Amino acid sequence: MTGSTKTNQARRSDATRTAILDAARERFATDGYERATIRAIAKDARIDPSMVMRYFGSKEGLFASAVALDLRLPDLTGVPRDEVGRALVSHFLGVWEENEELTALLRVGATNQAGAERMQGIFRDQLLPLARQVCPDPEQVPARAALCAAQLLGLALTRYVLRLPAARELTCEELLAWLGPTVQRYLTAPNP
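Overview of the overall build of the protein
Move 1: Across its full length, the protein holds 10 helices and 0 strands.
Move 2: In the protein, the succession of α and β elements from N to C terminus is α-α-α-α-α-α-α-α-α-α.
Move 3: Each principal axis of the C-alpha atoms in the protein carries an extent, and together these give about 65 × 40 × 30 Å.
Move 4: Taken over 192 residues, the protein has a buried fraction of 41%.
Move 5: In the protein, of all internal contacts separated by at least 6 residues, the share reaching a separation of at least 24 is 69%.
Move 6: Carbon and sulfur atoms form 53% of the exposed surface of the protein, whose accessible area is close to 10600 Å².

Quick look at the structure:
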């Protein structure tokens, strides 16, 4: 096999993998984890279903790869301590307003063990380090981060998944005004 043949195969492999992931993200966002099927994802990607299994091993493996999310949480070290709640809520809203993968992940995380584990990993790897930057007591970091997650994921559930009209109608500025102080308290207030 020549070098150019290997390069062409690698390109086709990358293109196939990308097509599968794009189709999976769309299907998971539209149908949710339970209703999305390997067969439907393969059809959307215009490939044989066996190729999905070849690349990802299982539906769970595909889901984990498709929703490998980086929330790009901000570094709060330069943010005044009394503004970290607002900064986090603002960032959260910006990410959720433009990212259907998060909506799919939230839907799946509420109903499926693989999705719940993925959400737990995002929490552990991304939100906990941010909370460590500002929390006054290192022993309280997990509890305070969990309270922030409850608040923000509750908003995401009502606004982006359940699409409750009252939650959808609130502007980002209104949400910042309501949630910023709450998240601020969770992160930096003295222990009650």
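Concerning the packing of helix α5 (residues 84-98) against helix α8 (residues 141-161)
Move 1: Where α5 meets α8, the axes come as close as 11 Å, and the angle between the chain directions of the two elements is 35 degrees. Remark: the crossing between α5 and α8 carries right-handed chirality. Between α5, through Leu88, Val89, Phe92, Leu93, Trp96 and Glu97, and α8, the contact on the second element is made entirely by Leu152, Leu153, Leu155, Ala156, Arg159 and Tyr160.
Move 2: A breakdown of the residues in the contact of α5 with α8 according to their chemical character gives 10 nonpolar, no polar and 2 charged.

Description of helix α6 (residues 100-111)
Structural remark: α-helix, 3.6 residues per turn; residues separated by three or four positions point the same way.
Move 1: Taking 1.5 Å of rise per residue, the 12 residues of α6 would be expected to cover 16 Å, and the 17 Å separating its terminal C-alpha atoms lies within 8% of that figure.
Move 2: Here α6 has its buried residues at Leu102, Thr103, Ala104, Leu105, Leu106 and Val108.

Topic: the pattern of salt bridges
Move 1: Applying the stated criterion across every chain, the model contains 7 salt bridges.
Move 2: Of the charged contacts, one joins Arg27 and Asp44 as a salt bridge, the two residues approaching to 2.7 Å between their closest N and O atoms. Residue Arg27 is found in helix α1 (residues 3-35), and its partner Asp44 is found in helix α2 (residues 38-45); the two are separated by 17 residues along the sequence.
Move 3: Classification of Arg27 by relative accessible area gives partly exposed; the value is 21%.
Move 4: The partly exposed category is assigned to Asp44, whose relative accessible area is 37%.
Move 5: Through salt bridges that share partners, Arg27, Asp31, Arg35 and Asp44 make up one connected network.

Rules and cut-offs
Residues numbered from 1 in each chain as written. Predicted model: local features only at pLDDT ≥ 70, side-chain atom pairs only at ≥ 80, totals over all residues. Heavy atoms only, no water. Helix = DSSP H or I, 4+ residues; strand = E, 2+ residues; numbered from the N terminus. Buried < 20%, exposed > 50% of the residue type's maximum accessible area, 1.4 Å probe, protein only. Contact = heavy atoms within 4.5 Å. Areas by Shrake-Rupley, 256 points an atom, 1.4 Å probe, with all protein chains shown as cover. Axes fitted to C-alpha atoms, helices over the stretch in contact; angles between N-to-C directions. Left-handed = near helix turned anticlockwise from the far one by under 90°. Nonpolar A, V, L, I, M, F, W, Y, C, P; charged D, E, K, R; others polar. Expected span 1.5 Å × (residues − 1). Salt bridge = Lys/Arg side-chain N within 4 Å of Asp/Glu carboxyl O.

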